[in-house]
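Read off the chains here:
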Amino acid sequence: MNSLIDKYNIPGPRYTSYPTVPYWDESSFSPELWKQSVIRTFNESNAEEGISIYIHLPFCEALCTFCACHKRITKQHSVEIPYLESVLKEWQLYLNLFNEKPKLKELHLGGGTPTFFSPQNLKTLLQGIFETVEIAEDQEFSFEGHPNNTTREHLQTLYDLGFRRASFGVQDYDLKVQKAINRIQPFENVKKVTEWAREIGYTGISHDLVFGLPHQTWEAMEYTIRKTMELKPDRLAFYSYAHVPWVKGVGQRGFDENDLPSGEEKRRLYEDGKRLLQDLGYIEVGMDHFSLEHDDLYQSLIQKKLHRNFMGYTSSKTQLMVGLGMSAISDSWYAFAQNVKTVEEYQKIVEEGEIPVVKGHILNEEDLMVRRHILNLMCQLETNFDANNSFPELENAFEMLQEMEKDELVEINSHHIQITEKGRAFTRNVAMVFDLRMMRNKPETRIFSMTI
């Protein structure tokens, strides 16, 4: 395994989209084309499958130095109401494009720290959206909560509004690691919010664990996993820490690179962590995710309905995902668009009556075909692929797949490619074989985190 790590531990995307953001063709994108794409997709899919909404709530009271998200650090809660008013105005700009009431299938509050906002302000925001939509019977509403500031009132308010999923960021319980990433978070706080959520009636509770953090050892990781098992969340995200300090604004400066585990040590954290999670009854779903058998993430895997988008893995798919808020990314299947990345600019553009997109990408026919293959690999660990007929340009890629087959990472049978159990850890590498845009324009500087 160590020789495979040396061979395949290279920078690579996580493939929450294809093309990945650094390879978007902004020259062929415009806000007007984006609107046309949204209208097309809405008309094609709203009646049958509905839409998804992602709301980016960027404020945090303190900077976690492992975080690569777009956020704004402040302790001034006077920012809440003006920001939420802008989100509702942006949503109205999308409503103006639709010829019928949207059917809301999926809603996720991400950040930042959604629980930075008061329960009452979150209620005002959500009621403002709900009064404009038809809520699907099989809706799935979820939010990310910080265990240190999520109150029982937060949980009850969101539950009363239809939320049944809550995700709590744990990362690691080792105090040395917590100090390095500026995230001091006692187990007691996580235990309290998890038990509150269960008492209130939440049916899907997730904990996020991160491996590869500074000063992290297997002993610390094992301790974190065993403490997590005392609370038995329905699902777990077991993420590889993405070290991208060169990206502006991420704040990954609280430690030295020498404090990070080596590629070999990091892979051990993953392999031993995965083995322990499976011993404790968790099933690996997709990449970096584990769930208990009753959870709908696992059920969607079995039914081949698992989907992946900018919100991560989801148990249902909608073609249209509208991202609201500063830096939020939207997906119409035929196009991507990202909002401006500062709160002030976001609010100014929305106030002027414009959808605040700053960049995007219109997918061509080739993009759509590659996207399906990468989604199949990321969600089902398999795809059907004919290099000669579908992708003449991918003959070199087929040679790479054959090399991976020799390393027992994939099995190739006629035109079918299956990622093996051994190859699961290298799913991103297999997907990269299909990434024509990166293949044609290999980055000269590092833009992605390491795959391992």
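Residues numbered from 1 in each chain as written. Predicted model: local features only at pLDDT ≥ 70, side-chain atom pairs only at ≥ 80, totals over all residues. Heavy atoms only, no water.

As annotated in an unreviewed UniProt entry, the protein carries the name Coproporphyrinogen-III oxidase and comes from Chryseobacterium taeanense. Recorded in UniProt under Subunit (unreviewed entry), the annotation for the protein is "Monomer." What UniProt records for the protein under Sequence similarities (unreviewed entry) is the sentence "Belongs to the anaerobic coproporphyrinogen-III oxidase family." (UniProt positions renumbered as here; feature names shortened; annotations may be inferred.)

Trainee: Is there a simple way to think about the side chain of Gln-319 in this case?
Mentor: Structurally, Gln-319 is set in the loop between strand E12 (312-314) and strand E13 (320-324). For Gln-319, the contacting residues outside a window of four places in its chain are Thr-41, Glu-44, Ser-45, Glu-49, Asp-331, Ser-332, Trp-333 and Tyr-334. (Helix = DSSP H or I, 4+ residues; strand = E, 2+ residues; numbered from the N terminus. Contact = heavy atoms within 4.5 Å.)

Trainee: In this structure, what is going on with the packing of aromatic side chains? I would like to understand it.
Mentor: Centre distance and the angle of the planes are the two values used to describe a pair of aromatic rings. Summed over the entire model, instances satisfying the criterion amount to 20 aromatic pairs. Centre to centre, the rings of Phe-59 and Phe-117 are 5.8 Å apart; their planes meet at 50°, and the pair counts as tilted. Of this pair, Phe-59 sits in strand E2 (residues 59-60) while Phe-117 sits in the loop between strand E4 (103-111) and helix H4 (119-130), and the two are 58 residues apart along the sequence. Taken individually, Phe-59 and Phe-117 each receive the classification buried, so the pair is uniform in this respect. Geometrically, the ring pair formed by Phe-143 and Tyr-202 is edge-to-face, given 6.3 Å between the ring centres and 65° between the ring planes. Residue Phe-143 is located in strand E5 (residues 134-145), and its partner Tyr-202 is located in the loop between helix H7 (187-200) and strand E7 (204-211); the two are separated by 59 residues in the primary sequence. Following the ring pairs from residue to residue traces out a cluster consisting of Phe-130, Phe-141, Phe-143, Tyr-159, Phe-163 and Tyr-202. The side chain of Arg-267 reaches across the aromatic face of Phe-426, ending 6.0 Å from its centre. Its guanidinium or amino end placed over the ring of Trp-333, Lys-317 lies 5.2 Å from that ring's centre, counting from NZ or CZ. (Phe/Tyr/Trp six-rings, centres within 6.5 Å; stacked < 30°, edge-to-face > 60°. Buried < 20%, exposed > 50% of the residue type's maximum accessible area, 1.4 Å probe, protein only. Lys NZ or Arg CZ within 6 Å of the ring centre and 35° of its normal.)

Trainee: Help me understand the environment of Met-400 in this model?
Mentor: Assignment of secondary structure puts Met-400 in helix H13 (residues 395-406). When its relative accessible area of 40% is taken as the criterion, Met-400 is described as partly exposed. Each C-alpha atom, one on Met-400 and one on Val-370, is 16 Å from the other, the two residues being 30 residues apart in sequence.

Trainee: Teacher, can you tell me more about the sheet that holds strand E19 (residues 416-419) here?
Mentor: Picture the strands of a sheet paired through backbone hydrogen bonds; they go either parallel or antiparallel. In spatial order, the strands read E17-E19-E18; together these three strands make up an open sheet with antiparallel pairing. On the outer flanks of this sheet lie strand E17 (382-384) and strand E18 (410-413), each paired with one strand and no other. Neighbour-to-neighbour, the strand axes of this sheet turn through a mean angle of 10°, independent of strand direction. Docked against the sheet, helix H12 (residues 365-380) engages E17 and E19, running at close to 150° with respect to E17. Those strands touched by H13 are E18 and E19, and its axis lies near 120° from that of E18. (Pairing = 2+ DSSP bridges. Axes fitted to C-alpha atoms, helices over the stretch in contact; angles between N-to-C directions.)

Trainee: Looking at this structure, how should I read the UniProt feature "binding site: S-adenosyl-L-methionine 2" (unreviewed entry) in the protein?
Mentor: As recorded in UniProt, the feature "binding site: S-adenosyl-L-methionine 2" (unreviewed entry) lies at Phe-66, Cys-67, Ala-68, Gly-112, Thr-113, Gln-171, Arg-183, Asp-208 and Ala-242. As for its placement among the helices and strands, Thr-113 is situated in the loop between E4 and H4. Leave out the neighbours within four places in its chain, and Thr-113 touches Leu-57, Phe-59, Cys-60, His-146 and Asn-149. In this structure, Asp-208 sits in strand E7. Ignoring anything within four residues of it in the chain, the contact list for Asp-208 reads Ser-167, Phe-168, Gly-169, Val-170, Gln-171, Ala-237 and Tyr-239.

Trainee: How should the domain arrangement of the protein be read in this particular structure?
Mentor: Where interface size is given, it is often the accessible area lost as the parts come together that is meant. Domain boundaries assigned for the protein yield domain 1 (25-362) and domain 2 (365-440). Tallying the contact residues gives 22 residues for domain 1 and 15 residues for domain 2. Buried area between domain 1 and domain 2, both sides added, is near 1,600 Å², and the carbon and sulfur share of it is 51%. When the area that domain 1 buries against domain 2 is broken down by residue, the three leading residues are Met-287, Lys-304 and Trp-333, summing to 35%. (Domains from an automatic or database assignment. Buried area = accessible area lost by both parts, 1.4 Å probe.)

Trainee: Sorry, what's going on with the pairing of strand E6 (residues 165-171) here?
Mentor: Within a regular beta strand, the side chains point alternately toward one face of the sheet and then the other, so they alternate between its two faces. Of all the seven residues making up E6, seven are buried; the element is thus mostly covered by neighbouring parts of the structure. The two faces of E6 match: Arg-165, Ser-167, Gly-169 and Gln-171 on one face and Ala-166, Phe-168 and Val-170 on the other face are all buried. Taken together, the four bridges between E5 and E6 define a ladder with parallel strand orientation. Considered in E6, the bridge of Ser-142 is made with Arg-165.

Trainee: Whenever I open this one, the pairing of E19 confuses me. Can you help?
Mentor: Burial along E19 is one-sided: the face carrying Ile-417 and Ile-419 is buried and the face carrying His-416 and Gln-418 is not. For E17 and E19, the ladder comprises three bridges, and the chain directions are antiparallel. Following the sheet pairing, Asn-384 is matched in E19 by His-416. Relative to E19, E18 runs antiparallel, the two sharing four bridges. Within E19, the position partnered with Asn-413 by the bridge is His-416. The antiparallel pairing of E18 with E19 creates a hairpin that spans two residues between the two strands, and Ser-414 there sits at a positive phi of about 60°.

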